[in-house]
Amino acid sequence: MTRKELLAELGRAVAENGYTFGIGDAYRINTGMQAVPMVWADPPRLAAKTGRAEGTKEYEVILRLIDAPAGRGEQDTEDTLDKLEADLDGIAALLVEHDDIVKIGPLEYDTEEDTLTNRGDVSVKAVMKILTRY
């Protein structure tokens, strides 16, 4: 699986979970963001490769799931963060259904303290290790 194919599959999984999808370096989120909820992906990094004609590639993908809470209270923020984490698990589950994706793991995520845009959003940053075959 190439980087381009991985991003296309990621975009499909994100859309099936009701998010818009953006790709680019993190500092471009504010200018590239169209609407929330949104998943912003840093360009995938090839972390490891085995084999020559056939083998596996392990990509490290950093995702930021971004949404606006329903209100300004602490409980609204917590509810939104819970939803983002659950949706992240849903995106990972859809990805592993692809024939060329061997596994995802470990999946690490954490809430980001500062807003990423000027819209008062909340976000979860996830680091996925995605093992693919080629």
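Fair warning: this is a prediction, and the values are worked out from it, not measured in the lab.

A word on the environment of Val 102
Relative to the assigned elements, Val 102 resides in strand S5 (residues 101-112). Not counting chain neighbours up to four residues away, the residues in contact with Val 102 comprise Leu 131, Thr 132 and Arg 133.

Regarding the confidence of the model for the protein
Taken as a whole, the protein shows an average pLDDT of 89; of its residues, 92% reach a score of 70 or greater. Within the protein, no element has a lower average pLDDT than helix H2 (residues 29-32), which sits at 68, and none a higher one than helix H1 (residues 3-16), at 96.

A word on the pattern of salt bridges
For the coordinates displayed, the defined rule picks out six salt bridges. For the salt bridge of Asp 42 with Arg 64, the shortest nitrogen-to-oxygen distance reads 2.9 Å. Of this pair, Asp 42 sits in the loop between strand S2 (38-41) and strand S3 (45-51) while Arg 64 is found in strand S4 (residues 55-67), placing the two residues 22 residues apart along the sequence. Accessibility expressed as a relative area gives 7% for Arg 64, which makes it buried. A salt bridge links Glu 60 to Arg 45; the nearest nitrogen and oxygen atoms lie 3.6 Å apart. Of this pair, Glu 60 sits in strand S4 while Arg 45 sits in strand S3; the two residues are 15 residues apart in sequence, bridging distant segments of the chain. Look at Glu 60 and you get buried, because its relative accessible area is 18%. The partly exposed category is assigned to Arg 45, whose relative accessible area is 42%. Salt bridges sharing common partners tie together Glu 9, Arg 12 and Glu 16.

Thresholds, definitions, all that
Residues numbered from 1 in each chain as written. Predicted model: local features only at pLDDT ≥ 70, side-chain atom pairs only at ≥ 80, totals over all residues. Heavy atoms only, no water. Helix = DSSP H or I, 4+ residues; strand = E, 2+ residues; numbered from the N terminus. Contact = heavy atoms within 4.5 Å. pLDDT = per-residue confidence, 0-100. Salt bridge = Lys/Arg side-chain N within 4 Å of Asp/Glu carboxyl O. Buried < 20%, exposed > 50% of the residue type's maximum accessible area, 1.4 Å probe, protein only.

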